[in-house]
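Given next are the chains, with one letter for each unit.
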Amino acid sequence: TVEQLRGDVAVFDVDRGEWTAPEIRAPTGVPCPRAGHSAVLYSKTMLVFGGITTNEALRAQPPDPLTDFPTFRSSASTEDTVPISPAGTPKALPELQYLNDLWALDTAQLCWRGVETYGDKPKPRADHSA
């Protein structure tokens, strides 16, 4: 559902086998809640690109990152994108917005920052790989 779009960070400790939700600093802002984005780790920085969001998700507080997960099925185009309930029944289509923004999370300092890029940006997309 729209309320299940994520805008937070959950960390899995491989040695302990447990999840935590650390407090992340964001002096210059945070990525909007999203699903279907790609993320890669480069050195100690996690880069997050693109995804899909809704206008409602931009205004809503995200739910618990450790218990709620997105249930979206979407394509890389703006056509044929339908949110699916956990039971697999199509729901009403919210206003969707595909993203092409780039964010960096410093995993040592636990701090978000938007990344300024140059040249032609890739087109907005979701459900892609990095």
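Residues numbered from 1 in each chain as written. Predicted model: local features only at pLDDT ≥ 70, side-chain atom pairs only at ≥ 80, totals over all residues. Heavy atoms only, no water.

**Some points on the pattern of salt bridges**
Step number 1: According to the stated counting rule, one finds two salt bridges in the structure shown.
Step number 2: Among the ionic pairs, R16 bridges to E18, the shortest N-O distance being 3.9 Å.
Step number 3: Here D101 and R34 are joined by a salt bridge, their closest N and O atoms 2.8 Å apart. Of this pair, D101 sits in strand β7 (residues 96-106) while R34 is found in the loop between β2 (18-20) and β3 (38-42), placing the two residues 67 residues apart along the sequence. (Salt bridge = Lys/Arg side-chain N within 4 Å of Asp/Glu carboxyl O. Helix = DSSP H or I, 4+ residues; strand = E, 2+ residues; numbered from the N terminus.)

**Points about unusual backbone geometry**
Step number 1: A positive phi angle, close to 50 degrees, is found at L110, a residue other than glycine.
Step number 2: With respect to the secondary-structure elements, L110 resides in the loop between β7 and β8 (111-114).

**Quick look at the sheet that holds strand β4 (residues 45-54)**
Step number 1: In spatial order, the strands read β3-β4-β7-β8; together these four strands make up an open sheet with antiparallel pairing. Here the strands that pair on one side only, and so sit at the sheet edges, are β3 and β8. Strand-to-strand, the axes of this sheet are offset by a mean angle of 25 degrees, without reference to chain direction.
Step number 2: Strand direction decides the pairing type here: β4 and β7, joined by nine bridges, are antiparallel. (Pairing = 2+ DSSP bridges. Axes fitted to C-alpha atoms, helices over the stretch in contact; angles between N-to-C directions.)

**Considering the confidence of the model for the chain**
Parts of the model with low pLDDT should not have their predicted coordinates read in detail.
Step number 1: Looking at the chain as a whole, the pLDDT averages 76, with 67% of positions reaching at least 70.
Step number 2: Within the chain, β2 carries the highest mean pLDDT (95), whereas strand β5 (residues 72-73) carries the lowest (39).
Step number 3: A low-confidence stretch, residues 61-90 stays under pLDDT 50, and its non-local contacts, those more than four residues away or across chains, total 66 contacts. (pLDDT = per-residue confidence, 0-100. Contact = heavy atoms within 4.5 Å.)

**Looking at the packing of aromatic side chains**
Step number 1: By the definition in use, this model includes two aromatic pairs.
Step number 2: Between F12 and W19 the ring centres are 5.1 Å apart and the planes differ by 50 degrees, which places this aromatic pair in the tilted class.
Step number 3: Judged by its relative accessible area of 39%, F12 falls in the partly exposed class.
Step number 4: Assessed through its relative accessible area of 52%, W19 is described here as exposed.
Step number 5: Geometrically, the ring pair formed by W103 and W112 is edge-to-face, given 6.4 Å between the ring centres and 90 degrees between the ring planes.
Step number 6: Judged by relative accessible area, which is 6%, W112 ranks as buried. (Phe/Tyr/Trp six-rings, centres within 6.5 Å; stacked < 30°, edge-to-face > 60°. Buried < 20%, exposed > 50% of the residue type's maximum accessible area, 1.4 Å probe, protein only.)

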